[in-house]
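Inside the fold
One-letter residues, chain by chain:
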Amino acid sequence: MSSMEISSLAKENLRKMFSEGKRFDYRGLLDYRDFEVTYDVSNKAEGSARVKLGKTEIVVGIKLTVGAPYPDSKDKGNLMVSGDLLPIASPRYESGPPGFNAIELPRLVDRAIRGSEMIDLKRLVIKEGEKVWTVIIDIYPINDDGNIVDAATIGVIAALKKTFLPTLDSEGNVDYETKTKNKLPLSEETAPLSFSFYKLGDSILLDPTREEEEACDSRITFGISKWEGQYMINSCQKRGEQTLNSEEIAKIMDIIPKKFEELNKKLKKFL
Amino acid sequence: MNNEINETQDYAEVDSKDVPRKIIIPGEVIVTGEDYLPGEGTRREGNSIVAIRFGLAEEMGRVVRVIPIFGAFIPRRNNVIIGRVIDITYAGWLVDIDSASNAFLSIEESPRFINRDEMDQFLAIGEVIAAKIWGIKGKGIDLTLKAKGLGKLEEGFTFRIIPSRVPRVIGREGSMVSLIKEKTGCNIIVGQNGWIWIHGPSLDAQIKARRAIEFVADKVFVSGLTEKVEKWFEEGQK
Amino acid sequence: MAFKRSDGRKLTELRPMIAKVGVVPNADGSALFAFGSTVAIAAVYGPRKLHPQHMQNPATGILRCNYDLLSFSVYDRKRPGPSRRSQEISKVTEWALSPALYLESFPSSVVDVQIYILQADAGTRTAGINAASMALAHAGIPMRDLICSVAVGKNDKEVIIDLTKEEEDYKEGEGSTDFAVAKLANSDEFSLLQLDGKIQPEVVSKAISMAKDACIQIYEIQKKALKDCVEGVQNE
């Protein structure tokens, strides 16, 4: 992949293509690339997964540590979502302190997970008010070919589902080398997925490649889950300077349930 | 150390037939014997010719060379490249040519007279050009638009392939790119820096041309590629 | 009683190795290398523009390596961001690889090598160097040779190859010695020599010779992975 920025020519050409519903890989504007999930990226983690969405590849690891609860939520375990855009994954990523994109990715995933209440944090209390489990999710793109937020969320859900608690010895220390058979307390129903809608000109598309993503003017990302049989939006963030009108928002609301079912069904094959 | 290094690159046709080739890695002995001469991508060590690049080894008479199959673009004089304007200075345009240094297009090297007050009307930041490298000094790369077929690219689009696959896309005496032009009705410029410009009669024709080029660029090691591409067009570009 | 390694290997036996080329499609070159459950990936970008400008060398291109552990590659989660340890390893990795490279034809530019450890069970720097060496070749960088790297070491008085974490933590007798080496595959030149522990000067030759034998095996695996990646493209 090149480090050269997209030219005005290439951008204008994509705008024309999208307005006629065309893409270089012959996908429809709302089609996702095929994805696959594998596990056991690291046997040092309590859970880990690798997701490949087209050529985008992301690894996710879950670590569990024991610590004190937050003062304002003494009856709950802690959740922390972290990660970085390591310079291995793209000529665009740079070494050094995390830039805005690196900060935004885990925050978006964090809000989707938290808002869905997929993890029952109340069941992660070891001793109320004193000791709780902290779930630390780390997300690292290995190859960024676009749409990393949606891909990362798939990876996180998969990794969480395959996470096992480590053993606690009598003094309350963690023995990481001995995993228990206890899975994380997760809700079956509410696992969220992310849907990032990208806009170029008047067209709205899903799952862009890096090339398409660079041409787009704005993105709006939704964390979606199901709650008592209904679709729920748990988080939402627009980025970019381009605006959306109410008609476009309504159109997106129409698409969401269909896409959720489609992706969720695909993901279940790997769980 | 008594090693000769030869790293010139002449972009010869890669698809030539009947020349036996094998994949070779750096440090590997390709042939042994006083008679052989080290060509591009090789060095002499004692009696042997040793590869210094990963690629396909080829013997052309006494000369042994390695044709690279991966790697970033290394600018050479007379290369036609496709670049993107990233800045305008008093004297000309700074152009990203997707290599280790930016290139410079002097106002003197534009195809016609340009008033210094109107430089951005001729070429604005973000626009793309097909240009030729006429000089390399240190890290300074100088471009010109003064030759047939060069200039600002105003329609169509650009995309990138691995630069070392460019000779394959061009084909022997331009045969491969001619075939793709003929099958799609598109105009195509292949930059040695791996950037390719396509403009055609319809969006569908342009998409088809790009996919054909990517099909060719993906094939590193096949003989009879022309027939394969013809078949690809016949069988609906799968 | 004869010394027994905890995983039953012979003293001179390497862990099963895996090598794969082309694991990061965005990069100019990339590879994965594993010694047992130690897994390293490396990606090469460049030669490309070097910023900041004052680091540029008009006489040659430079090599810049960055090594780090992914936070979940170890039992005790590693805090993200470079540590003193990772910065030192990045630098010795640079020194281990640069004797193999010809960067004179890329003045003022940089070749960036990014190495990350997905799963750590000792020998991460040597696995990283093996992956990086393949990735550099894959990126088409002119090279004199590949670099092969392995940790040789001791448990008590026994010289052993490719230590696991458990062996690195060995406490009895003379304890554990870890001696990370790298060499040019086809010549007797060592580019990494880094040691912690207790080893008698007269034992070093034995350790070096054991490392050399191991490097022959590592080289074969690297070579095959590079050649297979081309066949792979061909068969698509």
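Residues numbered from 1 in each chain as written. Chains lettered and ligands numbered in written order. Predicted model: local features only at pLDDT ≥ 70, side-chain atom pairs only at ≥ 80, totals over all residues. Heavy atoms only, no water.

**So, the overall build of chain C**
Convention followed: Numbering of helices and strands runs from the N terminus, with a helix taken as a DSSP run of H or I at least four residues long and a strand as a DSSP run of E at least two residues long. Values of the radius of gyration come from C-alpha atoms, whereas the globule rule sets the reference at 2.2 Å times the count of residues to the power 0.38. Burial status follows relative accessibility: with a 1.4 Å probe on protein chains alone, a residue under 20% of its type maximum counts as buried, one over 50% as exposed, and anything between as partly exposed. Here, two residues are considered to be in contact whenever any of their heavy atoms come within 4.5 Å of each other. Here the Shrake-Rupley method, with its probe set to 1.4 Å, supplies the accessible areas, and only the displayed protein chains count as covering residues.
Check the secondary structure of chain C and you find 4 helices and 9 strands. Its helices and strands taken in sequence order, chain C reads β-β-β-β-α-β-α-β-β-α-β-β-α from the N to the C terminus. Here the C-alpha radius of gyration of chain C, 18 Å, is about what a compact globule of 236 residues would show, namely 18 Å. Here the C-alpha coordinates of chain C stretch approximately 60 × 45 × 35 Å along the principal axes. A buried classification covers 61% of the 236 residues belonging to chain C. Contacts in chain C between residues far apart in sequence, at least 24 positions, make up 67% of those at least 6 positions apart. Accessible surface, chain C: about 9,400 Å² in total, of which carbon and sulfur atoms supply 53%.

**Notes on the sheet that holds strand β3 (residues 38-49) of chain C**
All names here are of chain C. Put simply, the rule is: What makes two strands pair is DSSP finding at least two bridges between them. Fitted lines through C-alpha atoms serve as axes, helices being fitted only where they are in contact, and the angles separating the N-to-C directions of these axes extend from 0 to 180 degrees.
Strands sit in the order β1-β2-β3-β5-β4 across an open sheet of 5 strands; the sheet is mixed. Each edge of the sheet is formed by a strand with only one pairing partner; in this case those strands are β1 (17-21) and β4 (62-69). Going from strand to strand, the sheet's axes swing by 15° on average, the running direction of each strand aside. One ladder, built from 8 bridges, connects β4 with strand β5 (residues 109-119); its direction is parallel. Residue pairing in the sheet places I62 in a bridge with V110 of β5. Sheet contacts for helix α1 (residues 84-97): β4 and β5; angle to β4, the most-contacted strand, approximately 140°. Running over the sheet, helix α2 (residues 124-138) touches β1, β2 (29-35), β3, β4 and β5 and is turned about 150° from β2.

**Here's the deal with the packing of aromatic side chains**
Quick note on the threshold: Stacked, tilted and edge-to-face pairs are distinguished by plane angle, under 30 degrees for stacked and over 60 for edge-to-face with tilted covering the rest, among Phe, Tyr and Trp rings (Trp via its six-membered ring) whose centres lie within 6.5 Å. For a lysine, the NZ atom is tested; for an arginine, the CZ atom; a charge sits over a ring if that atom is within 6 Å of the ring centre and within 35 degrees of the ring normal.
Under the criterion given, the structure shown has 15 aromatic pairs over all chains. Ring plane angle 75° and centroid distance 6.1 Å describe the contact between F197(A) and F222(A), whose orientation is recorded as edge-to-face. Taken together, the residues span a long stretch of sequence, with F197(A) in strand β9 (residues 193-200) and F222(A) in strand β11 (residues 218-227) at a distance of 25 residues. Classification of F197(A) by relative accessible area gives buried; the value is 2%. Taken together, a centroid distance of 6.1 Å and an interplanar angle of 75° make the contact between F3(C) and Y170(C) edge-to-face. Here Y170(C) lies in the loop between α3 (165-168) and β8 (176-184) and F3(C) lies in the segment before β1, a separation of 167 residues in the sequence. Given a relative accessible area of 24%, F3(C) falls into the partly exposed group. Among the residues examined, Y170(C) registers a relative accessible area of 23% and is labelled partly exposed. Within the aromatic cluster, the residues linked to one another by ring pairs are Y32(A), F195(A), Y231(A) and F260(A). Cation over ring: R116(B) sits above Y90(B), and NZ or CZ is 4.5 Å from the ring centre.

**Considerations on the confidence of the model for chain C**
Detailed reading of the predicted model is not advised wherever pLDDT is low. For clarity, the threshold we go by: pLDDT is a residue-level measure of predictor confidence that goes from 0 to 100.
On average, chain C scores 95 in pLDDT, and the residues at 70 or more come to 97%. In the model output, the complex is listed with pTM 0.94 alongside ipTM 0.95.

**Things to note about the pairing of strand β12 (residues 128-137) of chain B**
Residue and element names in this part refer to chain B. Bridge count for strand β9 (residues 80-88) against β12 is 5 bridges, and the pairing is antiparallel. Within the sheet, the bridge partner assigned to I82 lies in β12 and is A130. Across 5 bridges, the pairing between β12 and strand β13 (residues 140-144) is antiparallel. Within β13, the residue paired with I133 across the bridge is L143.

**As for the packing of α1(C) against α2(C)**
In helix packing, the relevant descriptors are the interaxial angle and the interaxial distance, both defined with respect to the helix axes. All names here are of chain C. Formally: Each angle is binned into one of four classes, with values under 35 degrees roughly parallel, values over 145 roughly antiparallel, values of 65 to 115 roughly perpendicular, and all other values oblique. Here a crossing is taken to be left-handed if its near helix is turned anticlockwise relative to the far helix by less than a right angle, and right-handed if that turn runs clockwise. Residues are sorted three ways: Asp, Glu, Lys and Arg are charged, Ala, Val, Leu, Ile, Met, Phe, Trp, Tyr, Cys and Pro are nonpolar, and all the rest, Gly among them, are polar.
Between α1 and α2, the shortest axis-to-axis distance is 10 Å and the interhelical angle comes to 45°. Judged by the angle between their axes, α1 and α2 are oblique. Between α1 and α2 lies a crossing whose hand is right-handed. Between α1 and α2, the contacting residues are R85, I89, T93, A96 and L97 on the first element and T124, R125, I129, A132, S133 and L136 on the second. Grouping the amino acids of the contact of α1 with α2 by side-chain chemistry returns 6 nonpolar, 3 polar and 2 charged.

**What to know about the sheet that holds strand β2 (residues 21-24) of chain B**
All names here are of chain B. With mixed pairing, the 4 strands of this open sheet are ordered in space as β2-β7-β8-β4. Two strands close off the open sheet at either side, each with one partner strand: β2 and β4 (37-38). By the bridge criterion, 4 bridges tie β2 to strand β7 (residues 55-60) in an arrangement that is antiparallel. Bridge pairing in β7 links R21 to E58.

**Let's talk about the interface of chain C and chain A**
Selection rule: Accessible area that two parts lose when put together, evaluated with a 1.4 Å probe and summed over both, is termed the buried area. Salt bridges are counted wherever a side-chain nitrogen of Lys or Arg sits within 4 Å of a carboxyl oxygen of Asp or Glu. Polar contacts here mean pairs of N or O atoms no more than 3.5 Å apart (in protein, one a potential hydrogen donor and the other a potential acceptor; neighbouring residues in sequence count only if both atoms are side-chain atoms).
In this assembly, 26 residues from chain C lie in contact with 31 residues from chain A. When chain C packs against chain A, close to 2,500 Å² is buried across both sides, 58% of that on carbon and sulfur atoms. Its largest share of buried area at the contact with chain A, chain C owes to N26(C), F72(C) and Y75(C), together 34% of the area lost on that side. Where chain C touches chain A, the interface holds 1 salt bridge. In this structure, R77(C) engages D138(A) in a salt bridge whose closest nitrogen and oxygen atoms are separated by 2.6 Å. Counting across the chain C and chain A interface gives 13 residue pairs in polar contact (both at pLDDT 80 or more). Taken together, the elements giving at least two residues each to the side of chain C that touches chain A come down to β3 and β5 of chain C. Sort the elements by how many residues they give to the side of chain C that touches chain A and β3(C) lands first, with 5 residues.

**As for helix α5 (residues 246-268) of chain A**
Since the α-helix advances by 3.6 residues per turn, residues separated by three or four positions end up pointing in the same direction. All names here are of chain A. To keep things clear, this is the line we draw: To estimate how far a helix should extend, the number of its residues minus one is multiplied by 1.5 Å. The angle between axes fitted to the seven residues ending at a residue and the seven residues starting there is what we call the bend at that residue.
Under the 1.5 Å per step criterion, the end-to-end length of α5 is 33 Å for 23 residues, consistent within 8% with the ideal 33 Å. Where α5 bends most, the angle comes to about 30°, and this point is I256, followed within four residues by the proline P257. Within α5 the residues assigned to the buried category are E248, I252, I255, I256, K259, F260, L263, N264 and L267. In this structure, the buried residues of α5 make contact with β1 (35-39), α3 (148-161), β9, β10 (203-206), β11 and β12 (230-239).

**Examining the interface of chain B and chain C**
Every contact between the two is made by 31 residues of chain B and, on the other side, 32 residues of chain C. For the pair chain B and chain C, the summed buried area comes to about 2,600 Å², and 62% of that belongs to carbon and sulfur atoms. Joining chain B to chain C, the criterion identifies 2 salt bridges. For the salt bridge of D96(B) with K49(C), the shortest nitrogen-to-oxygen distance reads 3.4 Å.

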